Amino acid sequence: MTQTRTAPQDDPAKVAEFEARIAAGQSIEPKDWMPERYRRQLIRMMSQHAHSEIVGMLPEGNWITRAPSLRRKISLIAKVQDEAGHGLYIYCGTETLGVDRAELIQQLLDGTAKYSSIFNYPTLSWADIGVIGWFVDGAAIVNQTVLAKASYGPYARAMIRICKEENFHKRQGYEIVATLANGTSAQKAMVQDAVNRWWWPSLMMFGPSDANSPNTAELIKWKVKRRTNDELRQRFVNLTVPQAAAVNLTLPDPDLAYDTESENWSFGRIDWDEFNQVLRGNGPCNRERLAARRKAHDDGAWVREAASAYAAKQRAKQASEAA
Amino acid sequence: MADPLDPAQSVAEQAATIPGDGQWPVWEVFTQSEEGAPHEHAGSVHATDAEHALQNARDVYARRGEVISLWVVPSAAITASTRGDAGPFFDPGADKAYRHPQFYKVPRGVRGL
């Protein structure tokens, strides 16, 4: 298994030394030797993660103009701006592996790069913004808290920075949810509907179950991942069930039951066909998201050109003053 | 290849070093969290020049009042030691126990040393 997954040019002695460093809990830094396969796995994971932050701005950005109060609006603007920042932290970390950000962004715009399946679902009501903060950011925090101990230093450090900032995202979401859940019957119905629509896609965010996750064993061996998809999904369910009960909302799973022996909330079967369809580009919003991202990129071209022209002019000015 | 840091180049040459696709030069960002604390590496940004790099670094790494000072340095200007050479490179400091206070014996009962 290890043989087929290690690129042929890797020197076995170096691989052994590298794996000994990982086993000893050392952090791998950009200039350190690493197996080609480790580099490629990290570029894949980190760039998908960065793209998810960027695409994640779109469903929420749609609601900035319609936020119900100034308090909600400033929070949402700050959250969406954070997501842009998080995308940039991770792109910058990915670049330390020898790829250019422009190349990664081009892959996103071409539709050849993946990003989190969750962002291909529509935000139909204001309650969706609350539920996204609670579920989607909550799930991201569960995932990222563990990635903050990843063996690759720049990735781990970006995760620490992101986790610090995302706690606000989750709490602002839960505040919206709790407010609606305590509101009129129409508001309560709206938030319950949002919970019903986002629950299963949120569980899918953790990726395929361990039995169908070809990358997991290798990523765990190299301590890029420290927990499997199923372990993280379970942690998220355990955290979320009491939070839903606290605001009298029902999670849409008749099989949800507490197992006293394992101390876990067991849950029903995830619809992996839906997950695979969304990953393949057939989710409700895949085309819309990419179209919006491309438009934003094209509409921003003049800003990039102006910045370049301004810098060139400043340099010319300095050069003529120096002459 | 044109040097983006050399002010003596012609405008055309300089403009050519700044592509419009977002691949501006990379700047490493260092942040100071409070008076008296050292500047620490935070990450990097792409920017056309130093001033632009400072502004981008502020927007990316200082959104919550947790930074009181920023440095930006062209990535290309940083020279770093490599892990592969760390053994021999740092060796001169590895065998000098007499540079540590624990090397020296002090009579029992003497305080403040």
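Higher on the page you've got the structure.
In this report, we go over the structure that sits alongside the text. The numbers attached to residues start from 1 for each chain and follow its sequence in the written order. Chain A is the first chain written and ligand 1 is the first ligand written, with later ones labelled in order. Under the rules for a predicted model, residues below a pLDDT of 70 receive no local features and side-chain atom pairs below 80 are neither given nor counted, while totals for whole chains, interfaces and linings still include all residues. The basis for the side-chain values is all heavy atoms of the structure; hydrogens and waters are excluded.

## Things to note about the overall build of chain B
At step 1: Runs of H or I in DSSP of at least four residues are treated as helices and runs of E of at least two as strands, each being numbered from the N terminus. Looking only at helices and strands, chain B has three helices and three strands in total.
At step 2: Going from N to C terminus, chain B has its helices and strands arranged as α-β-β-α-β-α.
At step 3: When a residue's accessible area, from a 1.4 Å probe over protein chains only, is under 20% of the maximum for its type it is buried; when over 50% it is exposed; and in between it is partly exposed. Of all 113 residues assigned to chain B, the portion counted as buried reaches 30%.
At step 4: Contacts: residue pairs with any heavy atoms within 4.5 Å of one another. Within chain B, contacts between residues separated by at least 24 positions form 39% of all contacts whose residues are at least 6 apart in sequence.
At step 5: To be clear on the numbers: accessible area is Shrake-Rupley with a 1.4 Å probe, and residue cover counts the displayed protein chains and nothing else. Put simply, chain B shows about 7700 Å² of open surface, and 56% of that area lies on carbon and sulfur atoms.

## A word on the side chain of threonine 94 of chain A
Residue and element names in this part refer to chain A.
At step 1: Of note, threonine 94 is situated in helix α5 (residues 70-95).
At step 2: What makes threonine 94 buried here is its relative accessible area of 0%.
At step 3: At 2.6 Å, the side chain of threonine 94 forms a polar contact with the backbone oxygen of isoleucine 90.
At step 4: With residues near it in sequence (within four places) discarded, threonine 94 still touches Ile43, Met46, Ser47, Val99 and Leu104. Polar contact is the term for a pair of N or O atoms within 3.5 Å; when the atoms are in protein, one must be able to donate a hydrogen and the other to accept it, and sequence-neighboring residues count only if both atoms are side-chain atoms.

## Re helix α12 (residues 272-282) of chain A
Residues and elements named next belong to chain A.
At step 1: Every buried residue of α12 is accounted for by Trp272, Phe275, Val278 and Gly281.
At step 2: Summarising the contacts, the buried residues of α12 are in contact with α9 (185-204), α11 (229-246) and α13 (286-299).
At step 3: You can read the cap of α12 off the contacts: a side-chain oxygen lies 3.2 Å from the backbone nitrogen of aspartate 273, and it is on aspartate 271.

## Here's the deal with the interface of chain B and chain A
Much of the literature gives interface size as the accessible area that the parts lose upon coming together.
At step 1: The interface is formed by 29 residues belonging to chain B together with 27 residues belonging to chain A.
At step 2: Accessible area that two parts lose when put together, evaluated with a 1.4 Å probe and summed over both, is termed the buried area. For the chain B and chain A pair, buried surface summed over both sides reaches about 2500 Å², with 50% attributable to carbon and sulfur atoms.
At step 3: For chain B, the biggest contributors to the area lost against chain A are Arg63, Arg64 and Arg83 of chain B; these three give 24% of the whole.
At step 4: Every case where a carboxyl oxygen of Asp or Glu lies within 4 Å of a side-chain nitrogen of Lys or Arg is listed as a salt bridge. Counting every contact that joins chain B to chain A gives four salt bridges.

## A closer look at the packing of α5 of chain A against helix α7 (residues 126-147) of chain A
All names here are of chain A.
At step 1: Only the stretch in contact is used when a helix axis is fitted, and all axes are lines through C-alpha atoms; the angle between N-to-C directions ranges over 0 to 180 degrees. For the pair α5 and α7, the least separation of the axes is 13 Å and the interaxial angle reads 45°. The angle between the axes of α5 and α7 places the two elements in the oblique class. Here α5 runs over α7; the crossing is left-handed. Contact residues: Arg72, Leu76, Lys79 and Glu83 in α5; Trp126, Ile129, Gly133 and Asp137 in α7. When an angle is under 35 degrees it counts as roughly parallel; over 145 it counts as roughly antiparallel; between 65 and 115 it counts as roughly perpendicular; any other value is oblique. Each crossing gets its handedness from the near helix: less than a right angle anticlockwise from the far helix is left-handed, clockwise is right-handed.

## Some details on the packing of aromatic side chains
Residues and elements named next belong to chain A.
At step 1: The pairing test for Phe, Tyr and Trp rings, Trp by its six-membered ring, is centres within 6.5 Å, and the orientation test on the planes gives stacked under 30 degrees, edge-to-face over 60, and tilted for anything in between. Counted according to the given criterion, the structure contains 19 aromatic pairs over all chains.
At step 2: On the numbers, 5.3 Å between centres and 70° between planes, the contact of tryptophan 134 with tyrosine 174 is edge-to-face. One end of the pair, tryptophan 134, is in helix α7; the other, tyrosine 174, is in helix α8 (residues 153-181), with 40 residues separating them in the sequence.
At step 3: Looking at tryptophan 134, the relative accessible area reads 0%, which means it is buried.
At step 4: Judged by relative accessible area, which is 22%, tyrosine 174 ranks as partly exposed.
At step 5: Among the aromatic residues, those joined into a cluster by ring pairs are Trp134, Phe135, Tyr174, Trp199, Phe206 and Phe236.
At step 6: Consider the ring centre and the ring normal. A charge sits over the ring if Lys NZ or Arg CZ is within 6 Å of that centre and within 35 degrees of that normal. Here the guanidinium or amino end of arginine 66 rests over the ring plane of tryptophan 63, the centre of that ring lying 3.9 Å away.
At step 7: The ring of tyrosine 89 has arginine 161 lying over it, and the distance from NZ or CZ to the ring centre is 5.7 Å.

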